[in-house]
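# Fold and geometry: a report
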Amino acid sequence: MIEKNIIVALDDPLDYQDVLKVLDPKKCILKVGSIIFNYHGRKILDEVANYGFEIFFDIKFHDIPNTVSKSIESFKDYPIKLLTIHLSGGCSMIKSALDSSKNINAKCIGVSILTSLNEEESREIYNQEIVKTVSSMFDLAKKTDIDGVVCSPHELKLARDQLKNKIKITPGIRLSDSCSDDQSRVMGPKEAINLGATYLVIGRPITSHADKASAFEKIYQSIYEK
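Report follows, based on the coordinates. (Residues numbered from 1 in each chain as written. Predicted model: local features only at pLDDT ≥ 70, side-chain atom pairs only at ≥ 80, totals over all residues. Heavy atoms only, no water.)

Let us look at helix H3 (residues 43–50). Every buried residue of H3 is accounted for by Ile44, Leu45, Glu47 and Val48. Summarising the axial view, the buried residues of H3 lie within an arc of 160°, below the 170-degree limit, and thus occupy one face. The outward face of H3, more than 90 degrees from its buried face, is lined by the exposed residues Lys43 and Asn50. Buried residues along H3 sit against strand E1 (6–10), helix H1 (17–22), strand E2 (28–33), helix H2 (34–40) and strand E3 (55–61). Remark: Gly52 follows H3 within two positions and exhibits a positive phi of approximately 90°. (Buried < 20%, exposed > 50% of the residue type's maximum accessible area, 1.4 Å probe, protein only. Helix = DSSP H or I, 4+ residues; strand = E, 2+ residues; numbered from the N terminus. Arc of directions from axis to C-beta. Contact = heavy atoms within 4.5 Å.)

Quick look at the structure:
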């Protein structure tokens, strides 16, 4: 069985079709996030599905429970494998989202805090350092029995300790020669998998590369090499 631990992020609404054409849906899942979804609407889900890819629908639903529930169930006809909500929406919202996700055969994944946040920003927003904020979010994830969480690679050990047997999706994955960007807490792919990540979200190191297939294979092979 081919491993499928990489989620490739379609972040550029004007330059994504080459990704669909050259990557193997048996080896990766594709992320449809807010930028490309807001630009193209539901037709981007159809297009991704037509190429045979499963979808990580990273919209981060966050509203009152009934609104979130109905919003999720409106996507029942799409091959959404994973979708995201904000854990900060609270227990009632999380439980409603989890029930609706089951109704459309998707896994409900909770976002703890954004991986772009640094310590200063965490204190400004949550009045405490990152590790305490993330830990409290993970407690909420455990209490509600959500399917999994999104977290920085540097919170993977904490997630592994607090959320055994849960899906762990990790953005902020970069190769050693990648350029700097807006992710504050990053890590290499093999290290993240070894720390317990179930899926790695990787965008620009693949999608911005001139040879996207080769860039993907380099990362893919780096995970499983001895």
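We now examine the packing of aromatic side chains. One pass over the full model with this rule turns up seven aromatic pairs. Each member of the aromatic cluster is reached from another via a ring pair, and the members are Phe37, Phe57, Phe61, Phe75 and Tyr78. Positioned above the aromatic ring of Phe75, the side-chain terminus of Arg42 is 3.9 Å from the ring centre. (Phe/Tyr/Trp six-rings, centres within 6.5 Å; stacked < 30°, edge-to-face > 60°. Lys NZ or Arg CZ within 6 Å of the ring centre and 35° of its normal.)

For Pro189, the location among the structural elements is in helix H9 (residues 189–194). Pro189 sits 35 residues away from Tyr224 along the chain, and the two C-alpha atoms are 9.9 Å apart.

Of the two faces of strand E7 (residues 167–170), the one lined by Ile167 and Ile169 and the one lined by Lys168 and Thr170 are each fully buried. Here three bridges tie strand E6 (residues 148–150) to E7, and the two strands are oriented parallel to one another. Bridge assignment links Val150 to a residue of E7, and that residue is Ile169. Regarding topology, helix H8 (residues 156–162) serves as the crossover connection from E6 to the parallel E7, and that connection is right-handed. For E7 and strand E8 (residues 199–202), the ladder comprises two bridges, and the chain directions are parallel. Bridge assignment links Thr170 to a residue of E8, and that residue is Leu200. (Pairing = 2+ DSSP bridges. Right-handed = clockwise from strand over helix to strand, strands pointing away.)

It is worth spelling out the side chain of Gln162 at this point. Its place among the elements puts Gln162 in helix H8. Among the polar contacts made by the side chain of Gln162, one reaches the side chain of Asp139 at a distance of 2.9 Å. Residues contacting Gln162, with those up to four places away along its chain left out, are Ser135, Phe138, Asp139 and Lys142. (Polar contact = N/O pair within 3.5 Å; in protein donor to acceptor, adjacent residues only side chain to side chain.)

So, about the pairing of E2. Where burial is concerned, most of E2 is hidden: six out of the six residues are buried. Alternating residues of E2 divide into Cys28, Leu30 and Val32 and Ile29, Lys31 and Gly33, and every residue in both groups is buried. For E1 and E2, the ladder comprises five bridges, and the chain directions are parallel. Directly across from Ile7, in E2, lies its bridge partner Ile29. The parallel pair E1 and E2 is bridged by H1, and the resulting crossover is right-handed. As paired strands, E2 and E3 are joined by four bridges and run parallel to one another. Paired with Lys31 across the two strands is Phe56, which belongs to E3.

Looking now at the sheet that holds E6. The sheet built from eight strands closes into a barrel, its strands ordered E1-E2-E3-E4-E5-E6-E7-E8 with parallel pairing. Direction aside, neighbouring strands of the sheet carry axes that sit 25° apart on average. (Axes fitted to C-alpha atoms, helices over the stretch in contact; angles between N-to-C directions.)

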